[in-house]
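Residues per chain, in single letters:
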Amino acid sequence: MTTLRLSLKDLSAAAYKGLIQTKTALDQGPLNTAIIELINLRVSQINGCAYCTQMHSELLRQHDFENAKIDSVAGWRVSERFSDRERAALAWAESLTNVAETAAPDEAYVPLKAYFSEAEISDLSIAVALMNAFNRVAIGARL
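Everything numeric in this text was worked out from a predicted model, so none of it was measured.

**Topic: the overall build of the protein**
- Along its length, the protein carries nine helices and zero strands.
- Going from N to C terminus, the protein has its helices and strands arranged as α-α-α-α-α-α-α-α-α.
- A compact globule built from 143 residues would reach a C-alpha radius of gyration of about 15 Å, and the protein, at 15 Å, matches this within 12%.
- Its C-alpha atoms put the protein at 45 × 30 × 30 Å along the principal axes.
- The buried share of the protein, reckoned over its 143 residues, is 36%.
- Across the protein, every contact between residues at least 6 apart in sequence was considered, and the portion connecting residues at least 24 apart equals 63%.
- Put simply, the protein shows about 8,000 Å² of open surface, and 54% of that area lies on carbon and sulfur atoms.
- Here the protein carries 14 positive and 17 negative side-chain charges, and the mean point of each set is 6 Å from the other.

Listed below in structure tokens is the structure:
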């Protein structure tokens, strides 16, 4: 177990509050909580954030996501447990999380249009960016 390096929540209170306000706005937006938590889990897995991976797995369970589905998130591409809508969101989340390698290609963006409104795609993109920010803060602080 590691020791907390810095309490960014306390030391950068105003900036951290902004992140929380963004999360609150997303929670009140057009996307449902389950899809947000699903992409939060996948982004956290990619970034190797143990704290966030555990937290978002627990939140999915609280929203009645099947344990087997939660356990399959890392292998969603080969799992039959995910809907086409969830697959589109997961592909976009992976693409944005790895944007330096992917450049967010049309192959990841275009499928979103079949399942999400423009406002939902916008919120989904912001949710991915926010989760990446939270992962970096948590990993950097050694949460």
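**Focus on the pattern of salt bridges**
- Tallied over the entire structure, the rule returns eight salt bridges.
- A salt bridge links Arg42 to Glu94; the shortest N-O distance between them is 2.7 Å. Linking Arg42 in helix H3 (residues 33–47) with Glu94 in helix H6 (residues 84–97), this pair joins segments that are 52 residues apart in sequence.
- Here Asp71 ties to Arg61 by a salt bridge, and the two come within 3.5 Å at their closest N and O atoms. Remark: Arg61 occurs in helix H4 (residues 50–62) and Asp71 occurs in helix H5 (residues 67–71); sequence separation between them is 10 residues.
- Under the relative-accessibility criterion, Asp71 is labelled exposed at 59%.
- Classification of Arg61 as partly exposed rests on a relative accessible area of 35%.
- Connected via shared salt-bridge partners are Lys23, Asp27 and Glu37.

**So, the packing of H6 against helix H9 (residues 118–141)**
- Where H6 meets H9, the axes come as close as 10 Å, and the angle between the chain directions of the two elements is 50°. Looking at the two axes, H6 sits oblique to H9. In terms of crossing hand, the pair formed by H6 and H9 is right-handed. Contacts between H6 and H9 involve Arg85, Ala89, Trp92, Ala93, Leu96 and Thr97 on the former and, on the latter, Glu120, Leu124, Ser125, Val128 and Asn132.
- Of the residues contributing to the contact of H6 with H9, the split by class is six nonpolar, three polar and two charged.

Parameters at a glance
Residues numbered from 1 in each chain as written. Predicted model: local features only at pLDDT ≥ 70, side-chain atom pairs only at ≥ 80, totals over all residues. Heavy atoms only, no water. Helix = DSSP H or I, 4+ residues; strand = E, 2+ residues; numbered from the N terminus. Rg over C-alpha atoms; globule rule 2.2 N^0.38 Å. Buried < 20%, exposed > 50% of the residue type's maximum accessible area, 1.4 Å probe, protein only. Contact = heavy atoms within 4.5 Å. Areas by Shrake-Rupley, 256 points an atom, 1.4 Å probe, with all protein chains shown as cover. Lys, Arg positive; Asp, Glu negative; His and termini not counted. Charge placed at Lys NZ, Arg CZ, Asp CG, Glu CD. Salt bridge = Lys/Arg side-chain N within 4 Å of Asp/Glu carboxyl O. Axes fitted to C-alpha atoms, helices over the stretch in contact; angles between N-to-C directions. Parallel < 35°, antiparallel > 145°, perpendicular 65-115°, else oblique. Left-handed = near helix turned anticlockwise from the far one by under 90°. Nonpolar A, V, L, I, M, F, W, Y, C, P; charged D, E, K, R; others polar.

Geometric descriptors of this kind do not, in isolation, establish any biological role.
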